[in-house]
Amino acid sequence: MSISNEVPFYIAIPDSELSLLQQKLALAVFPDELEDAGVAYGAALPDIQRLVHFWKNGYDWRKHEAALNEELPQFTRDIDVEGFGPINIHYVHKRSTVEQAIPLLFVHGWPGSFIEVRKILPLLVEASPEHPNFHVVALSLPGFGFSAGPKKKGFALNQYAEITRRMARLYGPEHIKAWHTNFPCTSPPSLKRPLLLISHLLSYLPFLGYTEREKNGIKRTIEFLSSGSGYFAIQSTRPQTLGYGLTDSPVGLLAWIYEKLAASVANGEPFSDDEILTWISIYYFSRAGPTASFRIYYEVINSEGRNVLSETERTTIPLGHSYFLNEAISLPK
């Protein structure tokens, strides 16, 4: 794995930025909330008030900053992107003690960041005969975390793919062992796939119906598309307008991202308040600013079209599907 030209990186947010954050939190004005609203209208007021109070009076960024620097070996390096020049990329790079371990490129999305590799990293790199061992590179996508953001329009899927391909070539072997996507969206059953259509039409019959997991997945998918995907519409059409509010207001940024974090663990172990605020702080203190992370939606939709998420990609690599409890979109087999 190549280490030439990588520069060690340590998170060190200036005191002046921490002081400004405290001033903004002290001046926060909250909206009202309807009786018994819960989360039907968005992030619940009591949750946001609790988190803001803790952010202002108890949360210790310096403690968590030091922990991130201690646990995660971080680096930066320039990656050339055709038409955009060099983009300085921040990433975590930790090798296994097993020299022949498999190189693994770990890539996040929105509203995530490199911090998503934190809990699983020790398990990935540890030497164990019970599972594969990995050399791990977990990058911050351009415009996220402590990576630089693009300065010109049109930085879309091809450009993000170019970044990941170049990182893979630098730190991995010539051939890719696996391919992952978290957008297995496809077209609904139709005459183009008659067996799938027949299976769907007969799903109401005993022993041929959808499983409980599949039914719950369909329900969750419908709920997400009907009432949980407003962020997608805004970020893919007017990210700049949204950015004024969420760049200036740490409370607004907290509410915007917290809603998605809470939904992702609705039926599982919740994030601690410290974990939530560390997650949000990475966005707030990000190198390119929070708005840069929203633009990925606009660029992808406006360059590739809305059908990009349902395009068919054929591969000869053996394919497996993982179904997680709180996936926003979970389709039947």
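Position labels on residues start from 1 in each chain and follow its written sequence. Note on the predicted model: pLDDT of at least 70 is required for a residue's local features to be given, and 80 or more for side-chain atom pairs to be given and counted; whole-chain, interface and lining totals, by contrast, use all residues. With hydrogens and water excluded, all non-hydrogen atoms of the structure serve as input to the side-chain values.

A few words on the packing of aromatic side chains. Working definition: an aromatic ring pair is given by the centre-to-centre distance plus the angle between the planes. For Phe, Tyr and Trp, rings pair up if their centres lie within 6.5 Å, where Trp contributes its six-membered ring, and each pair is then called stacked (planes under 30 degrees apart), edge-to-face (over 60) or tilted (otherwise). Evaluated as defined, the whole model comprises 19 aromatic pairs. Judged by centre distance (6.3 Å) and plane angle (75°), the ring pair of F144 and Y283 falls under edge-to-face. Here F144 is found in the loop between β5 (134-139) and α5 (157-171), whereas its partner Y283 is found in helix α11 (residues 273-284), with 139 residues between them in sequence. The pair F144 / Y283 is uniform in exposure class, with both members buried. Aromatic side chains Y231 and F232 sit 6.4 Å apart centroid to centroid with 80° between the ring planes, which places their arrangement in the edge-to-face category. For the pair Y231 and F232, a shared accessibility class is recorded, and that class is buried. Feature note: the residues W110, F224, Y231, F232, F294 and Y297 constitute an aromatic cluster, connected by ring pairs. Numbered from the N terminus, helices here are DSSP runs of H or I no shorter than four residues, and strands are runs of E no shorter than two. Here's how the labels work: a residue is buried when its accessible area is under 20% of the maximum for its type, exposed when over 50%, partly exposed in between, all with a 1.4 Å probe on protein chains only.

What follows concerns the sheet that holds strand β2 (residues 74-81). A strand pair is defined by DSSP finding two or more bridges across the two strands. Overall, mixed pairing links the 5 strands, which are arranged β1-β2-β3-β5-β4 in an open sheet. Since the sheet does not close on itself, it has two edges, and those belong to β1 (7-9) and β4 (102-107), each with one partner. Taking each pair of neighbouring strands and ignoring which way they run, the sheet shows an average axis angle of 40°. Two elements, β1 and β2, share 3 bridges in a ladder whose sense is antiparallel. Bridge pairing in β2 places V7 opposite T76. Against the sheet, α5 makes contact with β2, β3 (85-94), β4 and β5, and its axis sits at roughly 120° relative to β2, the strand it touches most. Orientation is described by lines fitted to C-alpha atoms, with helices fitted over the stretch in contact, and by angles between N-to-C directions that extend from 0 to 180 degrees. Note on contacts: a residue pair is in contact if any heavy atoms of the two residues lie within 4.5 Å.

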